[in-house]
Amino acid sequence: MKLHYADHFVLPLPEGHRFPMEKYSRLRARLRDSGLFADDDFRVPGAASDTEILRAHDTGYLQRVVSGTLDAAEIRRIGFPWSAAMVERSRRSAGATLAACRSALDREGGTACAANLAGGTHHAHRDFGSGFCVFNDAAIAALAMRAEGRARRIAIVDCDVHQGDGTATILADTPEVFTCSLHGAKNFPFRKQASDLDIELPDDIGDEAYLAALDAALDTVFTRAHPELVIYLAGADPYAGDRLGRLALSIDGLRRRDERVLGICRTADVPVAVAMAGGYAQPIDDTVTIHFNTICTAARVMRVDERR
């Protein structure tokens, strides 16, 4: 299973910033130390090109990001200070989801699955960034796979605790890409957008109720969308200990969530690209553990030689 990473393209943040940037390097280190993956499984992606980004984003927005001419309100909405390093990091993170999709569709390394060890930047809209998201990697990747003729029908299964509002708006006029979001009803963004399927969850929902809602959603996704590729946003922030989550899933419940999503993909023989999405637990090691479990579950469930 190929793991695409860009954590060494550091986005400089001021002291005390609440975004846990270090979780990505910690995740990669833990995966390397696990002995479950070979050195060649870890890949540095190329940067997403202008052509790839512009399938999902407005030309003027891309130009303002690249040139550093975003106004103060746009920068506040993104939540990161502008820097050239921020631009490169954002391009590389989108590039990692592009690479994961290609690896999964090629079944490279013996799995129908690959991962971006970051990504899941689902709050980026066509003409503005938001909520720590500059470019929408899932939308960029879905549109690229269609443009490259690699997959016609794609499903984005977003299990971050926050609605994938940017993904929904960017892909609203692309019926071949089915957007599904399971999220907290009362959490950010407070003005929701219309995905193809939105599952709004009450505060403090626990493992069993969440998994029941997920099962129903997955049945709808596969019945309606018939995907040839799934892009799975495996957010760690539905965890009970997440500072921004408001739900109450356990670490084991999140592992079972991953098994549900990946299991239905395996049964349907549909390749999967996984992105990590959000996670804001204290201690940060809880978030790293949840992401680590996602990758290990994917490697176990999606192996080609176990399915054939």
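Provided above is the structure to which this section pertains.
Just so you know, these numbers come straight off a predicted model, no measurement behind them. (Residues numbered from 1 in each chain as written. Predicted model: local features only at pLDDT ≥ 70, side-chain atom pairs only at ≥ 80, totals over all residues. Heavy atoms only, no water.)

S.K.: If you had to explain the pattern of salt bridges to someone new, which residues and values would you point to?
M.R.: Summed over all chains, the structure comprises 26 salt bridges. For Glu228, the salt bridge identified is with Arg153, shortest N-O distance 3.5 Å. Residue Glu228 is located in the loop between α8 (207-225) and β7 (229-233), and its partner Arg153 is located in the loop between α6 (137-147) and β4 (154-158); the two are separated by 75 residues in the primary sequence. Assessed through its relative accessible area of 30%, Arg153 is described here as partly exposed. When the shortest N-O distance is used, the salt bridge between Arg260 and Asp215 registers 2.9 Å. Highlighted residues: Arg260 in helix α9 (residues 251-268) and Asp215 in helix α8, separated in sequence by 45 residues. The partly exposed category is assigned to Asp215, whose relative accessible area is 34%. Each of Lys2, Asp40, Asp41, Arg43 and Glu108 takes part in one network of salt bridges that share partners. (Salt bridge = Lys/Arg side-chain N within 4 Å of Asp/Glu carboxyl O. Helix = DSSP H or I, 4+ residues; strand = E, 2+ residues; numbered from the N terminus. Buried < 20%, exposed > 50% of the residue type's maximum accessible area, 1.4 Å probe, protein only.)

S.K.: Please set out the side chain of Thr179 residue by residue, giving values where relevant.
M.R.: Relative to the assigned elements, Thr179 resides in strand β5 (residues 177-184). For Thr179, a relative accessible area of 5% puts it in the buried group. Residues within four places of Thr179 in sequence aside, it is in contact with Ile156, Thr167, Ala168, Leu171, Ser195, Asp196 and Leu197. (Contact = heavy atoms within 4.5 Å.)

S.K.: Which residues make up the layout of surface pockets, and what are the values?
M.R.: The calculated volume of the largest pocket comes to roughly 550 Å³. In terms of lining, the largest pocket is formed by 33 residues, of which the most central are Phe19, Gly131, Phe132, Cys133 and Tyr280. Of all the elements in the fold, those that place two or more residues in the lining of the largest pocket are α4 (72-78) and α5 (84-106). Within the lining of the largest pocket, the residues separate by chemical class into 15 nonpolar, 13 polar and five charged. For the second largest pocket, the calculated volume is near 220 Å³. Taken together, 14 residues form the lining of the second largest pocket, with His17, Phe19, Pro20, Met21 and Glu22 sitting closest to its centre. Class assignment of the residues belonging to the lining of the second largest pocket gives a composition of eight nonpolar, two polar and four charged. (1 Å grid on protein atoms, 1.4 Å probe; cavity = no way out; pocket = protein on both sides within 12 Å on 5 of 7 lines; lining within 4 Å. Points joined across faces, edges and corners; volume = space filled by probe spheres on them. Nonpolar A, V, L, I, M, F, W, Y, C, P; charged D, E, K, R; others polar.)

S.K.: Pulling in residues and values, what's your account of unusual backbone geometry?
M.R.: For the bond from Phe188 to Pro189, the omega torsion is -5°, close enough to zero to count as cis. Looking at the element boundaries, Pro189 is found in the loop between β5 and β6 (197-201). At the junction of Gln282 and Pro283, the peptide bond is cis and its omega measures out at 10° in the coordinates. Considering the arrangement of structural elements, one finds Pro283 in the loop between β8 (272-275) and α10 (284-301). Despite not being glycine, Arg107 has its phi angle at roughly 55°, a positive value. Secondary-structure assignment places Arg107 in the loop between α5 and β3 (113-116). Residue Asp269 is not a glycine yet carries a positive backbone phi of 60°.

S.K.: Before we move on, can you summarise the nonpolar core with the specific residues and values?
M.R.: Of all hydrophobic cores here, the largest spans 56 residues; its most connected members are Leu31 and Tyr210. The leading source of residues in this core is α8, at nine residues. Tyr210 has contacts with Cys159, Leu182, Leu201, Ile205, Leu247, Leu249 and Arg257, leaving out every residue within four places of it along the chain. Counting 46 residues, the second-largest nonpolar core is a separate cluster that includes Val134, Ala139, Ile140 and Ala273. (Core = buried A, V, L, I, M, F, W, Y, C linked by side-chain atoms within 4.5 Å.)

S.K.: Give me the lowdown on the pairing of β4, citing residues and values where you can.
M.R.: Within β4, five of the five residues are buried, which leaves it mostly tucked inside the rest of the structure. Here β4 shows two buried faces, one formed by Ile154, Ile156 and Asp158 and the other by Ala155 and Val157. Where β4 and β5 come together, five bridges link them in parallel fashion. Among the inter-strand pairings, Ile154 is bridged to a residue of β5, identified as Val177. Of the crossover connections in this fold, the one passing from β4 over helix α7 (residues 165-170) to the parallel β5 is right-handed. Bridging between β4 and β7 involves five bridges; their strand directions are parallel. Bridging from a neighbouring strand, Ile156 pairs with Ile231 of β7. (Pairing = 2+ DSSP bridges. Right-handed = clockwise from strand over helix to strand, strands pointing away.)

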